[in-house]
Amino acid sequence: MPIVKLVSEHFYNPEAKKLSWYRDQGGYANALKSIRDMKPQEIIDEVSKSNLRGLGGAGFPTGRKWTFVPRNTGKQVYLVVNADESEPGTFKDRYILEWDPHRLIEGIIICAYALDIHTAYIYVRGEYVRPTETLQNAIDEAYQGSVLGKQVLGQDFPLDIHVHRGAGAYICGEETGLLESLEGKKGWPRLKPPFPAIEGLFGHPTVINNVETLAHLPKIIANGSHWFAEIGCEHNGGTRLFALSGSVKKPGVHELPLGTPMHELIYEHGGGILNDKALKAVIPGGASAAVLACDESNISLDFDSCLKADSMLGSGAVIVMDEDVCMVKAAHNIMNFFAHESCGQCTPCREGTAWVHRILTRIVKGEGIPDDINALLDIANNMSGTSICALSDGAAMSFRSYVKKFTSEFEYHIRHGKCDIEQRLSN
Amino acid sequence: MSDIFEFTPENFKRFQEILHCYPRKQAAMLPTLYLAQQQQGCITPEVEQYVAQLLEVSLVDVREVLTFYTLFFRRPMGHHHIRLCMSISCWIRGAGQIKENLTRILGVPSGEMTTDGNFSWEAVPDCLGACELAPMIQMDKDYYGPLTSNKITDILNDPSHSHNHKSTEQNTKETS
């Protein structure tokens, strides 16, 4: 497929983060066009027709999400930008914050105008200290240049943007956990309904969109929904930033049209498997997604195809594993993460992630017992659909896939008390 | 360390600016704790008391936030604080070896501070969001990677040295 750069065109250009440079390239013209020449409903319709999907992980159609916000309630509507990217393997939003913060700000203006929003918060994960500094500098410049403030781009439309720094909790990427955190509390996800669109931040209607999702808006306004929809595949408009990592020669962020084959990403854009080893497995959408074994891995990179493969495109984090990666240890690593990051609110998740981690720990240590495999699958069932947010479902989807697709490796560990791959490599 | 904590006049001004960003005082919790940590090095019980008073919340509201998040420290940390990412992508690329190296070079286990107070470090299970640099660490504000045993030694010997000091931007350029 041809290289199409919609949100990554300014990456690696140190000038792009400067307001003057961005404006020289025609930046903010689409925000101005939106406010001056378009009605809010026209923008919502364009975004709906573009098939832009939420690129944080859920893939929910952005235009439809916007229509859930009630009109004329008399309550101020908030926009919250989710820049808490913490799903293991994900680092794409960081590139937008670091290299092209004005594109995000322009997207925020367009969204805010479409939904009559006058205050936006950008929640950035706490570890992203440098990206946050870059973003804040861009916002400061935007205020000084009258791009933000009482009259956005000289128009009768006020907008304030505040940056809010998270403090190291994966669960705050979950949108209601994020809202709790933004309100100054621990990030325990909320029971839904009410959904944030109706009752979100400070009890007000709230739209929560991911960084990359918003960064697509200027080009959708510039070139139209049809143009954008045509770039992707059915129901999956446009491109996506894929964060490629693990056993590949060229890890990094690659922007590709939705619907690109997985092996094109790995072998062409990623340069192939590290040390020319054989591909063993791929995670298509962050640690929460089910792992795909090599023979099922060349799927179309779009939300719907990944669901059909019983996995998910999630955050677009593609993690590659070569033939030397032990899948028992990989599952153990991932469950160490989930056990650490479970917020502790719901029993099936809090206990389930911890038990699974303990069982996997003993299998890795060579102390597993034959019943452990059944126990793992049993716990996976009890962790699915039984908690307030999706962390538990994601964790269960993840480790269940390792146990089911690589059962023989688990059995070997349990039967022999050691790792078959380690033995092969030491011979 | 004095028993009573309060913001310096400069930080108090900054705190008041923070309050303007939110319709409710409690929402300023995380930025206020960050500001206090910046001033004091860690969040002591005295700091908790002070923040609770400033934000007009109970002490437990501060404590539960403090203990929920991982980027607030309740005891003093080293002059440089290192987080080694142990998450899946870094693990695939050899973070386990880097962990052994760091333990050996620093002479203290993960979670501890060197005796000279220069470094504290921890191997963290959460992904730091820079898997293209795997295996990687975050030292203070910056990301360093891809690491090898030699590079780790160089960085620790001279963390401020510009030619060793690799910001993510320089690194992402390299890997592009």
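Residues numbered from 1 in each chain as written. Chains lettered and ligands numbered in written order. Predicted model: local features only at pLDDT ≥ 70, side-chain atom pairs only at ≥ 80, totals over all residues. Heavy atoms only, no water.

To continue, consider the overall build of chain A. A count of helical and extended segments in chain A gives 19 helices and 11 strands. In terms of overall dimensions, chain A is globule-like: its C-alpha atoms have a radius of gyration of 22 Å, near the 22 Å expected for 427 residues. By principal-axis analysis of the C-alpha atoms, chain A measures approximately 70 × 45 × 35 Å. Counting every position in chain A, which comprises 427 residues, the buried fraction comes to 63%. (Helix = DSSP H or I, 4+ residues; strand = E, 2+ residues; numbered from the N terminus. Rg over C-alpha atoms; globule rule 2.2 N^0.38 Å. Buried < 20%, exposed > 50% of the residue type's maximum accessible area, 1.4 Å probe, protein only.)

In this section: the interface of chain A and chain B. By a widely used convention, the size of an interface equals the accessible area lost when the partners come together. Each side of the interface is counted separately: chain A has 63 residues, and chain B has 42 residues. Interface area, chain A with chain B, both sides summed: about 4400 Å², of which 58% is carbon and sulfur. Across the chain A-chain B interface, the total number found is 5 salt bridges. The tally of links from chain A across to chain B stands at 25 residue pairs in polar contact (both at pLDDT 80 or more). Going through the elements one at a time, α5 (92–99), β2 (119–124), α7 (129–144), β3 (160–165), α8 (175–182), β5 (239–246), β11 (317–322) and α14 (327–341) of chain A are the ones with two or more residues in the side of chain A that touches chain B. It is α14(A) that contributes the most residues to the side of chain A that touches chain B, 8 residues altogether. (Contact = heavy atoms within 4.5 Å. Buried area = accessible area lost by both parts, 1.4 Å probe. Salt bridge = Lys/Arg side-chain N within 4 Å of Asp/Glu carboxyl O. Polar contact = N/O pair within 3.5 Å; in protein donor to acceptor, adjacent residues only side chain to side chain.)

The next thing to look at is the side chain of B:Asn11. With respect to the secondary-structure elements, B:Asn11 resides in helix α1 (residues 9–19). With sequence-adjacent residues up to four places away left out, B:Asn11 is seen in contact with B:Leu35 and B:Gln39.

Here we come to the packing of aromatic side chains. In this description, a pair of aromatic rings is defined by centroid distance and the angle of the planes. All chains considered together, the criterion is met by 24 aromatic pairs over all chains. Ring centres of A:Tyr170 and A:Phe338 lie 6.1 Å apart, and the angle between their planes is 70°; this geometry places the pair in the edge-to-face category. Residue A:Tyr170 is located in the loop between β3 and α8, and its partner A:Phe338 is located in helix α14; the two are separated by 168 residues in the primary sequence. By the burial criterion, A:Tyr170 is buried, and A:Phe338 matches it. Over the aromatic face of B:Tyr34 sits the side chain of A:Arg165, whose NZ or CZ is 3.8 Å from the ring centroid. (Phe/Tyr/Trp six-rings, centres within 6.5 Å; stacked < 30°, edge-to-face > 60°. Lys NZ or Arg CZ within 6 Å of the ring centre and 35° of its normal.)

All names here are of chain B. Pairing is mixed in the open sheet, where 4 strands are placed in the order β2-β1-β3-β4. Edge positions in the open sheet fall to β2 (119–124) and β4 (142–144), since each of these has one partner strand only. Going across the sheet, the axis of each strand differs from the next one's by a mean of 25°, ignoring polarity. Bridge count between strand β1 (residues 80–85) and strand β3 (residues 137–139): 3 bridges; the pairing is antiparallel. If you follow Arg-83 over to β3, its bridge partner there is Gln-138. (Pairing = 2+ DSSP bridges. Axes fitted to C-alpha atoms, helices over the stretch in contact; angles between N-to-C directions.)

Here the focus is helix α2 (residues 29–37) of chain A. Residues and elements named next belong to chain A. Those residues of α2 lying buried are Asn-30, Ala-31, Ser-34 and Ile-35. Along the long axis of α2, the arc covered by the buried residues comes to 135°, so they all point the same way. Buried residues along α2 sit in contact with α3 (40–49), α6 (101–114) and α10 (217–223). (Arc of directions from axis to C-beta.)

Residue and element names in this part refer to chain A. A full pass over the atoms with the stated rule returns 36 salt bridges over all chains. Between Glu-133 and Arg-130 there is a salt bridge, with its nearest N and O atoms 3.1 Å apart. One end of the pair, Glu-133, and the other, Arg-130, are both in helix α7, 3 residues apart, so they sit about a helical turn from each other. The partly exposed category is assigned to Glu-133, whose relative accessible area is 28%. Assessed through its relative accessible area of 30%, Arg-130 is described here as partly exposed.

To continue, consider the sheet that holds strand β8 (residues 279–283) of chain A. All names here are of chain A. Spatial strand order, β6-β5-β11-β8-β9: 5 strands in an open sheet with mixed pairing. In this open sheet, the two edge strands, each paired with only one partner strand, are β6 (252–257) and β9 (292–293). Bridge count between β8 and β11: 4 bridges; the pairing is antiparallel. Bridge pairing in β11 places Ala-281 opposite Met-321.

Residue and element names in this part refer to chain A. Locating Pro-284 in the fold gives a position in the loop between β8 and β9. Overall, Pro-284 belongs to the buried group, its relative accessible area being 0%. Counting along the chain gives 36 residues from Pro-284 to Val-320, while the straight-line C-alpha distance between them is 8.6 Å. Beyond its immediate chain neighbours, meaning those up to four positions away, Pro-284 contacts Met-262, Ala-289, Ala-290, Leu-292, Cys-306, Ser-311, Met-312, Leu-313, Gly-316, Ala-317 and Val-318.

Here A:Lys192 and A:Pro193 are connected by a cis peptide whose omega angle stands at -5°. Positionally, A:Pro193 belongs in the loop between α8 and β4 (206–210). B:Pro135 follows B:Ala134 through a cis peptide bond whose omega is -10°. By the element assignment, B:Pro135 lies in the loop between β2 and β3. One non-glycine residue, A:His235, adopts positive backbone phi at about 60°. Among the secondary structure elements, A:His235 is positioned in the loop between α11 (225–231) and β5.

What follows is about the packing of α14(A) against helix α15 (residues 347–364) of chain A. All names here are of chain A. Closest axis-to-axis distance for the α14/α15 pair is 9 Å, and the angle between their directions is 150°. Comparing their axes, α15 and α14 come out roughly antiparallel. In this structure, α14 crosses over α15, and the sense of that crossing is left-handed. Residue-level inspection shows Val-328, Lys-329, Ala-331, His-332, Met-335, Asn-336, Phe-338 and Ala-339 of α14 in contact with α15, the latter providing Thr-353, Ala-354, Val-356, His-357, Leu-360, Thr-361, Ile-363 and Val-364. Its residues placed into classes, the contact of α14 with α15 shows 10 nonpolar, 5 polar and 1 charged. (Parallel < 35°, antiparallel > 145°, perpendicular 65-115°, else oblique. Left-handed = near helix turned anticlockwise from the far one by under 90°. Nonpolar A, V, L, I, M, F, W, Y, C, P; charged D, E, K, R; others polar.)

This next bit is on the environment of A:Gln76. Residues and elements named next belong to chain A. Note on placement: Gln-76 falls in the loop between α4 (62–67) and β1 (78–83). Note on Gln-76: relative accessible area 33%, which makes it partly exposed. Between the C-alpha atoms of Gln-76 and His-118, which are 42 residues apart in sequence, the distance is 7.9 Å. Within the local environment of Gln-76, its side chain forms a polar contact with the side chain of Thr-119, the two groups lying 2.8 Å apart.

Residue and element names in this part refer to chain A. Burial analysis of β11 places 6 of its 6 residues in the buried class, the great majority of the element. The side-chain alternation of β11 yields two buried faces, one formed by Ala-317, Ile-319 and Met-321 and the other by Val-318, Val-320 and Asp-322. One ladder, built from 4 bridges, connects β5 with β11; its direction is parallel. Within β11, the residue paired with Ser-245 across the bridge is Ile-319.

What follows covers the side chain of A:Thr62. The topology assignment puts A:Thr62 in helix α4. Taking the relative accessible area as the measure of exposure, A:Thr62 reaches 1% and is therefore buried.

Such coordinate-based values are descriptive only and should not be taken to indicate function.
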